[in-house]
Amino acid sequence: MDTVKTSPQWQIEYKSLILLCTLITASFLIAFLVGTYGYTTGISILAILIGIPLLYKSVADSNFGFFVLLVYSYFLALIGRLFLPTRLPMGIGIELLETLILLGILVGGSKNKKINWENFRNPVTYLFLVYQAYNVLQVANPNAVSLAGWITSTRGLVFDLVIYFILVKLYTNLNLIKKFTIAWLFLSLLAALYGIYQEIFGYQDFEWLDIYSTPGAINLIQNWDFLRKFSFLTDVTTFGIVMAYSGLFCAVLALGPFNWKRKVLLVGCSLVMFVSMSFSGTRTATAMVPAGFFLYILMHINNRRTLIILICLVVAFIVLLYGPFYGGTITRLRTTFQPSKDASMNVREVNRARAQPYIQSHPIGGGVNTTDSEGEALSPGHQFAGFPTDSGFLKTAITIGWIGLSILMALYFAVISIGVTNYYKAKDPMIKVLYCGYITVFFSLIIANYAQWAMGQKPVGLLVFSIFVLMPNLIKLEPKKLN
C-alpha cells in the first residue's frame, strides 16, 4: 500500500494552524484570569512571558543584561505601584539581575569573558574596598544594640562589590560607555516628560492609591498650593535629584564637540529636565544646578565662552530670586537660597547640632542601620533610632562615625581629583566632554548628599558606581593616535 507523502506547504499550514489555536486559547485563558483575579494577574503573566527571555539573554550577554538593569532601576517604582496590592519587593529584581550578569561574566556564555585586572588597580578601587571592609568590621561595634542592622547591611555591601566588579569589566569599550550615557539620559528625559504630564493632568488612580497607602506620604508631596511630582521614580526627592544632574549633564554635553542640531537637542532636553525638576519641589535639586555649573566654570575659567555663560547664569539667578512672579513652585525654589526662611532647613540644623556631640565622642559611630526608620525597625532602643538624619553625610557620621565619614570623603576626593586630572590630560574631545559631564554630575551629588541621602537611591546608585569606575579608566580608552 502506497504511503501518502505530506507536502511541505501543508506542513507549514498545519503548524500555523496549531500556533493560531494555541494563541487563541492562551488569549481566552489570560482574559479569563484577568477578569477573575484583576489586572495584576495579566501584568504578572506578561512579566513572566517577557522576563524569562530577558533573564536568559542577560546571562548570555552581559552588555545586554546591564542595559536591562539600567531600565529596571528607572521603572521599578512604577512596577511596584502597579502591583501595589501584592507589595512585591522590587529591590530583589536589582539583585537578581546583578547576579545573572555576574554569572554570565564568570561562567556563562557572555562574549569577551577576559577581565582586565589592571583596571582595578587605582586609588578609587583601593579606597572603595577599604570603605567596604570598614563597614564589615562594624559587626564588632560595641555601640550597636542589635546585629540585625549589620546583617541587613551586609547584603547591600555584597551587591555593591558585585556591581563595581561588573562595571569595571564592562567599561572597557568606549562605544558601550556612549550607549550607557545616551540610555540614562533618554530614560531621564522620559521621567521628565512624565513629570510634566503629572503636573498638567494630575496623578493616575494607581498613583493616588500608592500615596494614600503609605503613611505620611501625602504630607511629603503636598506643599503650599501645589502637589510635588515624582514621575515614575521612587519619590519626589529622587525625581528632583535625577532631573537636576541629568539636566546638568545635557547642558555640559551641549558645549561639547557636536553639530548645532545635537546642541539644540541637548539644550532642549536640559530645559525640559530643569522644568520638570521644579515640579518636584526639591530644594536640594535646585541647589545642585548652580553647584554643578560652578564646578564647570571653575574648570574653564580661562575660556571667554565660560565667562559669557557665567554672566547669563547670574542674570537668570537674579531673575529667579527677585523676579515679579510667584507661586508654590517658585516660592519653594527661592527658599533654597534663603535658608533662614525655610522652616525645614532650620529643623535640620537643630538635628545636626544635636548629633554633633555624639559623633565627636563616638569615632566608630553607633552601628549601621541605627537611624531613621530602619533604626526603629532593626535597632530599637538605640538613642538615634528614628532620628531623621536627612543628610547622607550626617547619617554616615552617626552610624559608622567620623572615621567612616573620613574614609568616604577620601573616596569622593579621589574620584573628583582623578577625574579632573584626567580631564586635563585627555586630548580626545569626546573623552574630555564625558569627563567634564560626569565630574559635574558627581560634584552636584556630593552637594546634594549634604541635605539628603542622595547617593544610594535607585537609579542614582548605578550612576555613582559608574562614575567610580569611569574616572580612573575612561582615559585609557582614548585613541592611541592622540596619546
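Computed from a predicted model, the values in this text were never measured in an experiment. (Residues numbered from 1 in each chain as written. Predicted model: local features only at pLDDT ≥ 70, side-chain atom pairs only at ≥ 80, totals over all residues. Heavy atoms only, no water.)

### Concerning the overall build of the protein chain
What the protein chain contains, in helices and strands, is 19 helices and 2 strands. Nonlocal contacts in the protein chain, meaning residues at least 24 apart in sequence, comprise 75% of its contacts between residues at least 6 apart. Accessible area for the protein chain stands at about 24,000 Å²; split by element, carbon and sulfur atoms hold 69% of it. (Helix = DSSP H or I, 4+ residues; strand = E, 2+ residues; numbered from the N terminus. Contact = heavy atoms within 4.5 Å. Areas by Shrake-Rupley, 256 points an atom, 1.4 Å probe, with all protein chains shown as cover.)

### Re the confidence of the model for the protein chain
In this model, the protein chain carries an average pLDDT of 84, and 80% of its residues clear a pLDDT of 70 or more. In the model, residues 1-6 has pLDDT below 50 throughout and makes 1 contact with residues more than four positions away in sequence or in other chains. (pLDDT = per-residue confidence, 0-100.)

### Some words on a nonpolar patch on the surface
Taken together, the side chains of L103, L106 and V107 make up a nonpolar region of the molecular surface, amounting to roughly 290 Å² of accessible area. The residue V107 is located in the loop between α4 (91-106) and α5 (123-137) in this model. (Patch = residues over 30% accessible without salt bridge, like charges linked within 9 Å, V, L, I, M, F, W, Y side chains within 5 Å. Salt bridge = Lys/Arg side-chain N within 4 Å of Asp/Glu carboxyl O.)

### Remarks on unusual backbone geometry
Most peptide bonds are trans, and most residues other than glycine sit at a negative phi. The peptide bond linking K458 to P459 adopts the cis configuration, its omega dihedral lying at 5 degrees. Here P459 lies in the loop between α18 (429-451) and α19 (460-473). The phi dihedral of S231 is positive, around 55 degrees, even though this residue is not glycine. With respect to the helices and strands, S231 occurs in the loop between β2 (226-227) and α10 (236-254). The buried category is assigned to S231, whose relative accessible area is 0%. Phi is positive for D372, which is not a glycine, with a value near 55 degrees. The topology assignment puts D372 in helix α16 (residues 372-378). In this structure D372 comes out as buried when scored by relative accessible area, which is 17%. (Buried < 20%, exposed > 50% of the residue type's maximum accessible area, 1.4 Å probe, protein only.)

### Here's the deal with the packing of aromatic side chains
Tallying each qualifying case throughout the model produces 28 aromatic pairs. Here Y194 and F232 contribute two aromatic rings whose centre-to-centre distance is 6.1 Å and whose plane-to-plane angle is 35 degrees, an arrangement assigned as tilted. Of this pair, Y194 sits in helix α7 (residues 174-201) while F232 is found in the loop between β2 and α10, placing the two residues 38 residues apart along the sequence. Accessibility expressed as a relative area gives 5% for F232, which makes it buried. Summarising the aromatic geometry, the rings of W208 and Y212 are spaced 5.7 Å apart at their centres and angled 20 degrees between planes, so their arrangement reads as stacked. Of the two residues, W208 and Y212 both sit in helix α8 (residues 205-213), 4 residues apart, roughly one turn of that helix. (Phe/Tyr/Trp six-rings, centres within 6.5 Å; stacked < 30°, edge-to-face > 60°.)

### Some thoughts on the nonpolar core
Counting residues in each nonpolar core, the largest one holds 110 residues, and the members touching the most others are W184, Y245, Y438, F442 and F468. The residues contacting F442, other than those within four sequence positions of it, are Y412, V415, I416, M455, V464, I467 and F468. Ranked by size, the runner-up nonpolar core spans 8 residues in total, among them F384, F387, A397 and I398. (Core = buried A, V, L, I, M, F, W, Y, C linked by side-chain atoms within 4.5 Å.)

### Remarks on the packing of helix α17 (residues 392-425) against α18
With their axes 10 Å apart at the nearest point, α17 and α18 run at an angle of 160 degrees to one another. Judged on the interaxial angle alone, α18 and α17 are roughly antiparallel. Note on packing geometry: the crossing formed by α17 with α18 is left-handed. Between α17 and α18, the contacting residues are G392, F393, Y412, V415, I416, G419, V420, N422, Y423 and Y424 on the first element and K432, Y435, C436, I439, F442, F443, I446, N449 and Y450 on the second. Looking at the contact of α17 with α18 residue by residue, the class counts come to 14 nonpolar, 4 polar and 1 charged. (Axes fitted to C-alpha atoms, helices over the stretch in contact; angles between N-to-C directions. Parallel < 35°, antiparallel > 145°, perpendicular 65-115°, else oblique. Left-handed = near helix turned anticlockwise from the far one by under 90°. Nonpolar A, V, L, I, M, F, W, Y, C, P; charged D, E, K, R; others polar.)

### Side note on the state of the cysteines
Inspection of every chain in the model, using the stated rule, returns 0 disulfides. Just so you know, C269 is unpaired, no disulfide at all, and the nearest cysteine sulfur is the one on C250, 5.2 Å from it. (Disulfide = S-S within 2.5 Å.)

### Concerning the environment of L411
Here L411 lies in helix α17. What makes L411 buried here is its relative accessible area of 2%. Taking the C-alpha atoms as reference points, L411 and Y126, separated by 285 residues in sequence, lie 8.8 Å from one another. Excluding anything up to four places from it in sequence, L411 contacts V124, L127, F128 and F468.

### Quick look at the environment of I398
Relative to the helices and strands, I398 resides in helix α17. With a relative accessible area of 0%, I398 lands in the buried category. Each C-alpha atom of the pair I398 and Q360 lies 9.5 Å from the other, and the pair is 38 residues apart in sequence. Other than its neighbours up to four places away in sequence, I398 contacts A355, Y358, I359, G365, G366, T371, F384, F387 and T389.

### Quick word on the pattern of salt bridges
Tallied over the full model, the rule gives 6 salt bridges. Between K229 and E199 there is a salt bridge, and its shortest N-O distance comes to 2.8 Å. Note that K229 is positioned in the loop between β2 and α10 and E199 in helix α7, a separation of 30 residues in sequence. Note on E199: relative accessible area 30%, which makes it partly exposed. A salt bridge links K395 to E374, with the shortest nitrogen-to-oxygen separation between them at 2.3 Å. Of this pair, K395 sits in helix α17 while E374 sits in helix α16, placing them 21 residues apart in sequence. In this structure K395 comes out as buried when scored by relative accessible area, which is 13%. Accessibility expressed as a relative area gives 22% for E374, which makes it partly exposed.

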